[in-house]
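Listed below are the residues making up each chain.
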Amino acid sequence: MTRAFIFPGQGSQAVGMGKALAETSPAARAVFEEVDEALGQNLSRLMFEGPADELTLTANAQPALMAASLAVLRTLEAERGLDLARDAAFVAGHSLGEYSALAAAGAFSIADAARLLRIRGQAMQKAVAPGIGAMAALLGPDLETARSIAEEAAEGMVCGVANDNGAGQVVLSGHKEAVDRAMALAQSRGVRRAVLLNVSAPFHCALMAPAAETMKAALADVALKAPIVPVYANVTAGPLTEPAAIREALVVQVTGTVRWSESVAAMAEAGVDRFYELGAGKVLSGLVKRIAPGATASAVGTPDDVAAYA
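We now turn to the structure provided with this report. The shown structure was predicted, so the numbers you read here are calculated from the model rather than taken from an experiment.

Reading the values: the criteria
Residues numbered from 1 in each chain as written. Predicted model: local features only at pLDDT ≥ 70, side-chain atom pairs only at ≥ 80, totals over all residues. Heavy atoms only, no water. Buried < 20%, exposed > 50% of the residue type's maximum accessible area, 1.4 Å probe, protein only. Helix = DSSP H or I, 4+ residues; strand = E, 2+ residues; numbered from the N terminus. Pairing = 2+ DSSP bridges. Right-handed = clockwise from strand over helix to strand, strands pointing away. Phe/Tyr/Trp six-rings, centres within 6.5 Å; stacked < 30°, edge-to-face > 60°. Contact = heavy atoms within 4.5 Å. Axes fitted to C-alpha atoms, helices over the stretch in contact; angles between N-to-C directions.

## Description of the pairing of strand β2 (residues 88-93)
Residues in a regular strand point their side chains to alternate faces of the sheet.
Working step 1: Most of β2 sits out of view: five of its six residues are buried.
Working step 2: Across five bridges, the pairing between strand β1 (residues 3-7) and β2 is parallel. If you follow R3 over to β2, its bridge partner there is A88.

Quick look at the structure:
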């Protein structure tokens, strides 16, 4: 069995995530304490108790999701004997989940990941004034069809593919007027459904350029080591091991497409037949099952999930 460990992105957060693990696992509690200290905020209490609207804020959701993922990882190490260097062929994460994957692989500390994600969340929120941008999910089209719709809808504005999630799910991002045009065009192109997403900013498009500059400066100040296992990067859909390349990929990722479908397919092609999604929710596990039907995928987020890990 060849394994990859994958880490969820924004949208998977939920009040109560990580609470049961914190109550039963000293290793999990240590992660939450490290993140709280790094941020100077009782983020873990917000995760465990809410309110949901505050947890959903980008600047909170991003480090919170990382904390939940790394709490699961540390619990698996402490209780189930997981050794990532021995047991994993690759790690990967969806958008902010790439920071979780890098922290898991030792490229930077959990504390540094928390601080970087707080900066990233704030910068992405500030990059575009409310109401200027939008994101929409197109259900049914292949990537090329979605890209063609975005290009036609742009009309001089920004409109492009933010996420290629696979299984006929492509997310567009850009100026709201252009995204609205793309949704209308999609109906005439046989797209099964076009859904405007309830997000606070148009992530992973050129409008995020100011946030990319902020992250370039922030990442320059962080010590980044070679990961103990290769990390599949969102923007290359390939494995990275060199710190300089990882740093560059994280900057480009802010405005670039999350090539999740290609990443999963490439890992499966490289021999991965078992994917473990660590942290909150089961979104990525569901996508993996559709992208790589020959592989198995499991979500690990609760004490029962940890006990069932094999």
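## Concerning the pairing of strand β9 (residues 274-278)
Working step 1: Among the five residues that make up β9, five are buried, leaving the element largely enclosed by the rest of the structure.
Working step 2: Taken together, the four bridges between β1 and β9 define a ladder with parallel strand orientation. Opposite I6, over in β9, you have E277 as the bridge partner.
Working step 3: Running through helix α14 (residues 283-291), the crossover from β9 to the neighbouring parallel element strand β10 (residues 296-300) is right-handed.

## A short note on the packing of aromatic side chains
Working step 1: In this structure the tally under the stated criterion is five aromatic pairs.
Working step 2: For the pair F90 and Y232, a centre-to-centre distance of 5.0 Å together with 85 degrees between the ring planes defines the contact as edge-to-face. With F90 in strand β2 and Y232 in strand β7 (residues 231-232), this pair connects stretches of sequence that are 142 residues apart.
Working step 3: Look at F90 and you get buried, because its relative accessible area is 12%.
Working step 4: When its relative accessible area of 5% is taken as the criterion, Y232 is described as buried.
Working step 5: Clustering of aromatic rings is evident, with ring pairs tying together F5, Y276 and Y309.

## Details of the sheet that holds β9
Working step 1: With respect to topology, six strands assemble into an open sheet ordered β8-β7-β2-β1-β9-β10, the strand pairing being mixed. Because the sheet does not close on itself, it has two edges, and the strands there are β8 (239-240) and β10.
Working step 2: Docked against the sheet, helix α13 (residues 260-269) engages β1, β2, β7 and β9, running at close to 175 degrees with respect to β2.

## Thoughts on the environment of L185
Working step 1: As for its position among the elements, L185 is in helix α10 (residues 176-188).
Working step 2: Looking at L185, the relative accessible area reads 19%, which means it is buried.
Working step 3: Between the C-alpha atoms of L185 and A153, which are 32 residues apart in sequence, the distance is 7.5 Å.
Working step 4: Residues contacting L185, with those up to four places away along its chain left out, are I149, E152 and A153.

## Points about unusual backbone geometry
Working step 1: The step from G50 to P51 runs through a cis peptide bond, and the omega angle for that step is 10 degrees.
Working step 2: Residues other than glycine seldom take positive phi values, yet S95 does so here, at roughly 55 degrees.
Working step 3: On the secondary structure map, S95 appears in the loop between β2 and α7 (97-104).
Working step 4: At A167, a residue that is not glycine, the phi angle is positive and equals roughly 55 degrees.

## A look at the sheet that holds strand β3 (residues 133-139)
Working step 1: On the basis of which strands lie adjacent, the open sheet formed by four strands has the order β4-β5-β3-β6 and antiparallel pairing. In this open sheet, the two edge strands, each paired with only one partner strand, are β4 (159-166) and β6 (193-196). Shown here is a sheet whose adjacent strand axes are inclined to one another by a mean of 25 degrees, direction ignored.
Working step 2: Packed on one face of the sheet, helix α9 (residues 143-154) meets β3, β4 and β5 (169-175) and runs near 165 degrees to β4.

It is worth stressing that arrangement in space is one thing and function is another; only the former is reported here.
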